[in-house]
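Here are the chains, one letter per residue:
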Amino acid sequence: MTPTRKRRLMAVMVIVIGVGAAAVVAIKSLNENMLFFVSPTDVKEQSLPVGKRFRLGGLVGADSLSRASDSLAVQFVVTDGAETVNVSFDGILPDLFREGQGIIAIGELAADGHFEAAEVLAKHDENYMPPEVADALEKAGHVERAQ
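Residues numbered from 1 in each chain as written. Predicted model: local features only at pLDDT ≥ 70, side-chain atom pairs only at ≥ 80, totals over all residues. Heavy atoms only, no water.

**Regarding the overall build of the protein**
The number of helices and strands found in the protein is three helices and seven strands. Mapped in sequence order, the helices and strands of the protein form the string α-β-α-β-β-β-β-β-β-α. Burial status across the protein gives 30% buried among its 147 residues. With an accessible surface of roughly 9800 Å², the protein has 56% of that area assigned to carbon and sulfur atoms. (Helix = DSSP H or I, 4+ residues; strand = E, 2+ residues; numbered from the N terminus. Buried < 20%, exposed > 50% of the residue type's maximum accessible area, 1.4 Å probe, protein only. Areas by Shrake-Rupley, 256 points an atom, 1.4 Å probe, with all protein chains shown as cover.)

**Overview of helix H3 (residues 131–139)**
Within an α-helix, residues lying three or four positions from one another point in the same direction, as the helix has 3.6 residues per turn. Inspection of H3 places Val133, Ala134, Ala136 and Leu137 among the buried residues, and these make up the whole buried set. Axial view of H3: buried residues confined to an arc of 165°, hence all on one face. Taken together, the buried residues of H3 touch strand E1 (37–38), strand E2 (53–60), strand E4 (73–79) and strand E6 (102–109). (Arc of directions from axis to C-beta. Contact = heavy atoms within 4.5 Å.)

**Focus: the nonpolar core**
Counting residues in each nonpolar core, the largest one holds 19 residues, and the members touching the most others are Leu56, Phe76, Phe115 and Val120. Among the elements of the structure, E2, E4, strand E5 (84–90), E6 and strand E7 (115–122) are those that each provide at least two residues to this core. Each residue touching Phe76, except ones within four places of it in the same chain, is listed here: Val60, Ser64, Leu65, Val85, Asn86, Val87, Phe89, Phe97, Ile103 and Val120. (Core = buried A, V, L, I, M, F, W, Y, C linked by side-chain atoms within 4.5 Å.)

**Quick notes on the side chain of Thr41**
On the secondary structure map, Thr41 appears in helix H2 (residues 40–45). A relative accessible area of 17% places Thr41 in the buried class. A polar side-chain atom of Thr41 sits 2.5 Å from a polar atom in the side chain of Asp80. If we ignore the near neighbours within four places in the chain, the residues touching Thr41 are Asp80, Ala82 and Glu83. (Polar contact = N/O pair within 3.5 Å; in protein donor to acceptor, adjacent residues only side chain to side chain.)

**Quick notes on the layout of surface pockets**
Put simply, the second largest pocket is a space of about 150 Å³. If you trace the second largest pocket, you find it lined by Phe37, Ser39, Thr41, Asp42, Glu45, Asp80, Glu132, Asp135, Ala136, Lys139 and Ala140. Where the lining of the second largest pocket is concerned, the elements lending two or more residues are H2 and H3. Considering each element in turn, the lining of the second largest pocket owes the most residues, four residues, to H3. The class makeup of the residues in the lining of the second largest pocket is three nonpolar, two polar and six charged. (1 Å grid on protein atoms, 1.4 Å probe; cavity = no way out; pocket = protein on both sides within 12 Å on 5 of 7 lines; lining within 4 Å. Points joined across faces, edges and corners; volume = space filled by probe spheres on them. Nonpolar A, V, L, I, M, F, W, Y, C, P; charged D, E, K, R; others polar.)

**Quick notes on the environment of Pro94**
Considering the arrangement of structural elements, one finds Pro94 in the loop between E5 and E6. With near-sequence residues (within four places) excluded, Pro94 lies in contact with Val120, Leu121 and Ala122.

**Observations regarding the packing of aromatic side chains**
If you walk through the whole model with that rule in mind, you get two aromatic pairs. An angle of 55° between the planes, with centres 5.1 Å apart, marks the rings of Phe54 and Phe115 as tilted. One end of the pair, Phe54, is in strand E2; the other, Phe115, is in strand E7, with 61 residues separating them in the sequence. Judged by its relative accessible area of 4%, Phe54 is buried. Classification of Phe115 by relative accessible area gives buried; the value is 0%. (Phe/Tyr/Trp six-rings, centres within 6.5 Å; stacked < 30°, edge-to-face > 60°.)

**A closer look at the pairing of E4**
Counting buried positions along E4 yields five of seven residues, so the element is predominantly enclosed. Bridge count for strand E3 (residues 66–67) against E4 is two bridges, and the pairing is antiparallel. Following the sheet pairing, Arg67 is matched in E4 by Val74. Counting the residues that bridge the hairpin from E3 to E4 gives five residues. Relative to E5, E4 is paired through seven bridges, and the arrangement is antiparallel. The partner of Val74 across the bridge, within E5, is Phe89. (Pairing = 2+ DSSP bridges.)

Interpretation note: all reported values are geometric properties and have no functional meaning in isolation.
Next up, the structure:
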């Protein structure tokens, strides 16, 4: 092999290794930042790891909202009609948040089994419900999907 071909081969090898390393880093980063949607029934049926972030969706349970008098902390129940999950949140809730409301809470399970939300999202008008929440409620037989 001539010296020119050796240099070209080395350059190609360095480029291939660099592109491969960049692809591995990108895929690993994307997997760590993905948030999966989980319904309350899925939480009860699966053994989700403590500390793993995911999106919990469903309806805020009737008469389940309790607010702390000295802070922004709130506790409520999220249900899909079949199962319920206790949720705690310390922050400002969206203006449209209320009992019976379709919501998505982003957070993680605590060691005692309740969900600690870092963010709570509510629907933006009377007709909209996040598609994942609508699908989960429909599977649980709680709400018929509007077309």
